[in-house]
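Single-letter residue listing:
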Amino acid sequence: MELLRKGLWRGIINEFREHLPEIRDDAIVTLKEGNTPLIEARGLKDILGEVRLLLKFEGLNPTGSFKDRGMTLAVSKAKEGGGKAVICASTGNTSASAAAYAAKAGMKAYVLVPEGSVALGKLSQAMIHGACVIEVRGSFDEALAMVKEITKRYPVTMVNSLNPFRIEGQKTAAFEVCEHLGHAPTYHFLPVGNAGNITAYWKGYKEYRDKGMVSSLPKMMGFQAEGAAPIVLGRPVANPTTVATAIKIGDPASWQGALQAKQESGGTIDMVSDAEILDAYRLVASREGIFCEPASAASIAGAIKMKRHGVLKDGDTIVCTLTGHGLKDPDTAIDTSTKPVRVSANMGEIIDVMGF
Ligand code: F0G
């Protein structure tokens with residue numbers, strides 16, 4: 001297996017073409033997504049012991065989240081088919097990615113977001129890329145139901161993860177993990193919202209195993225937020241709540257895919273509280289130098305929970321996907337951090353604050 005692909009990265013379609021649906025060259029819409037780092041995290045040993053923890057930092061994709069992997073293929077396929085417009089419901093990241101790739105493709109993007117539940121950075125992205133941003137007085141689940149109806153009646157392509165090309169593109173993250181490590185990890189931890197990503201990773205791992213690229217499969221460990229944990233509870237949640245707005249979803253579209261990943265891999269779909277999510281969010285920022293968004297930290301919070309429950313063993317290789325960049329949601333970072341100290345332009349006061 002080629003460990004590090006040489007030369008300039010060409011985006012996931014060109015890099016993984018033999019593993020993806022066919023597409024015409026002139027239809028490819030790419031912002032060179034993918035090739036995100038797998039970062040060794042050594043600063044959590046007091047909590048996680050001697051497990052090997054690696055962080056797949058998907059916040060370093062072009063629009064700051066993993067959605068770009070699926071969006072490049074979904075928008076390219078729409079373009080290949082002569083589509084002129086795309087539409088999605090979103091808690092923010094999908095809308096940012098759809099808006100950017102539609103802009104690159106010269107297509108129109110319509111994005112439906114739940115009013116008041118989208119982090120500032122994500123909203124700003126959809127707006128600046130020129131999407132038609134529709135704030136729905138309702139939940140993500142209601143917005144998605146309407147998007148499904150609209151695409152049945154009007155000439156616009158849905159780019160939510162119900163679009164199979166989204167899953168196809170997103171599975172490439174699992175390929176990258178295998179190529180970086182030279183094998184599959186023991187466990188793969190992910191936040192779960194609409195459940196497309198865990199479905200995609202599992203598909204990717206299985207394909208690489210079936211093609212002989214790796215010999216084993218990881219256990220898939222999906223984590224929902226306690227106030228938005230329909231899969232854990234086994235029933236839809238009418239009014240989901242969580243500080244992790246990206247995964248504030250009560251009736252995930254890929255519910256079955258998540259269950260299949262759990263069952264086939266011998267993993268779990270579990271939940272973590274907002275307090276656990278925010279602790280993990282601050283921990284990875286303050287000890288590892290990685291600023292991810294709150295929803296992303298559900299993967300780390302999940303790993304910490306599993307360590308506490310005696311599931312993880314010394315020597316296990318654990319990958320946590322950090323799905324989005326922390327700059328997406330500056331409000332939560334500011335709300336949960338120590339406030340700046342204000343002083344006058346006076347050396348004495350400053351030295352005093354510095355504690356010397
Ligand atoms: N992490 C982040 C940062 C997300 O934006 C999402 C989903 C997830 C995790 C969960 O992934 O839905 O595949 O299980 N965001 C979607 C959106 C719903 O609209 O941006 P999932």
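Just so it is clear, the model here is predicted, and its values are computed rather than measured.

**Quick word on the site of the ligand**
Turning to step 1, where the next piece is worked out: Taken together, 20 residues lie near the ligand, and Ser 90, Asn 194, Ala 195, Asn 197 and Thr 323 sit nearest.
Turning to step 2, where the next piece is worked out: Residue Asn 93 places a side-chain N or O atom 2.8 Å away from an oxygen atom belonging to the ligand.
Turning to step 3, where the next piece is worked out: Here Gly 196 contributes a backbone N or O atom positioned 3.1 Å from an oxygen atom of the ligand.
Turning to step 4, where the next piece is worked out: Surface burial for the ligand is 98%, taken as the share of its 470 Å² of free accessible area covered by protein chains.
Turning to step 5, where the next piece is worked out: Of all elements in the fold, only helix H4 (93–105) and helix H9 (196–210) reach the threshold of two or more residues within the shell around the ligand.

**A look at the sheet that holds strand E5 (residues 132–136)**
Turning to step 1, where the next piece is worked out: The strand order across the open sheet formed by four strands is E5-E4-E3-E6, and the pairing between neighbours is parallel. Edge positions in the sheet fall to E5 and strand E6 (157–158), since each has one partner strand and no second.
Turning to step 2, where the next piece is worked out: Of the pairings in the sheet, the one linking strand E3 (residues 85–89) to E6 comprises two bridges and is parallel in character. Directly across from Ile 87, in E6, lies its bridge partner Met 158.

**A short note on helix H8 (residues 172–181)**
Turning to step 1, where the next piece is worked out: Within H8, nine of the 10 residues are buried, which leaves it mostly tucked inside the rest of the structure.
Turning to step 2, where the next piece is worked out: Within the span of H8, buried status applies to Thr 172, Ala 173, Ala 174, Phe 175, Glu 176, Val 177, Cys 178, Glu 179 and Leu 181.
Turning to step 3, where the next piece is worked out: A positive phi of about 85° marks Gly 182, the residue just after H8.

**Quick look at the packing of helix H3 (residues 67–80) against H4**
Turning to step 1, where the next piece is worked out: The interhelical angle for the contact between H3 and H4, taken along N-to-C directions, is 40°, at an axis separation of 9 Å. Comparing the axis directions of H3 and H4 gives the class oblique. Handedness of the crossing formed by H3 with H4: right-handed. Contacts between H3 and H4 involve Lys 67, Asp 68, Met 71, Thr 72, Val 75 and Lys 79 on the former and, on the latter, Asn 93, Thr 94, Ser 97, Ala 98, Tyr 101 and Ala 105.
Turning to step 2, where the next piece is worked out: In terms of residue class, the contact of H3 with H4 is made up of five nonpolar, four polar and three charged.

**Structural notes on the state of the cysteines**
Two cysteines whose sulfur atoms are joined by a covalent bond form what is called a disulfide.
Turning to step 1, where the next piece is worked out: Taken as a whole, this structure holds zero disulfides when the rule is applied.
Turning to step 2, where the next piece is worked out: No disulfide involves Cys 88; its sulfur sits 11 Å from that of Cys 132, the nearest cysteine.
Turning to step 3, where the next piece is worked out: You can call Cys 132 partly exposed: its relative accessible area is 27%.

**Some words on the side chain of Lys 67**
Turning to step 1, where the next piece is worked out: Position of Lys 67 among the secondary structure elements: in helix H3.
Turning to step 2, where the next piece is worked out: For the buried residue Lys 67, which engages in no salt bridge, the nearest side chain bearing the opposite charge is Glu 293, 8.8 Å off.
Turning to step 3, where the next piece is worked out: Non-local contacts of Lys 67, meaning those with residues more than four positions away in its chain, are made with Asn 93, Thr 94, Ser 97, Arg 166 and Gln 170.

**A word on the pattern of salt bridges**
Turning to step 1, where the next piece is worked out: Evaluated as defined, the whole model comprises 23 salt bridges.
Turning to step 2, where the next piece is worked out: Salt bridges sharing partners connect three or more residues here, namely Lys 56, Glu 58, Arg 69 and Glu 176.

**Section: unusual backbone geometry**
Peptide bonds are trans in most cases, and residues, glycine excluded, mostly fall at negative phi.
Turning to step 1, where the next piece is worked out: The phi angle at Lys 32 is positive, at roughly 65°, despite the residue not being glycine.
Turning to step 2, where the next piece is worked out: With respect to the helices, strands and loops of the structure, Lys 32 is situated in the loop between helix H1 (12–15) and strand E1 (38–41).
Turning to step 3, where the next piece is worked out: Of note, Ala 195 is a non-glycine position whose phi angle comes to about 75°, a positive value.
Turning to step 4, where the next piece is worked out: Tracing the sequence through the fold places Ala 195 in the loop between strand E7 (187–191) and H9.
Turning to step 5, where the next piece is worked out: You can call Ala 195 buried: its relative accessible area is 3%.

Conventions and cut-offs
- Residues numbered from 1 in each chain as written.
- Predicted model: local features only at pLDDT ≥ 70, side-chain atom pairs only at ≥ 80, totals over all residues.
- Heavy atoms only, no water.
- Near = heavy atom within 4 Å.
- Polar contact = N/O pair within 3.5 Å; in protein donor to acceptor, adjacent residues only side chain to side chain.
- Areas by Shrake-Rupley, 256 points an atom, 1.4 Å probe, with all protein chains shown as cover.
- Helix = DSSP H or I, 4+ residues; strand = E, 2+ residues; numbered from the N terminus.
- Pairing = 2+ DSSP bridges.
- Buried < 20%, exposed > 50% of the residue type's maximum accessible area, 1.4 Å probe, protein only.
- Axes fitted to C-alpha atoms, helices over the stretch in contact; angles between N-to-C directions.
- Parallel < 35°, antiparallel > 145°, perpendicular 65-115°, else oblique.
- Left-handed = near helix turned anticlockwise from the far one by under 90°.
- Contact = heavy atoms within 4.5 Å.
- Nonpolar A, V, L, I, M, F, W, Y, C, P; charged D, E, K, R; others polar.
- Disulfide = S-S within 2.5 Å.
- Lys, Arg positive; Asp, Glu negative; His and termini not counted.
- Salt bridge = Lys/Arg side-chain N within 4 Å of Asp/Glu carboxyl O.

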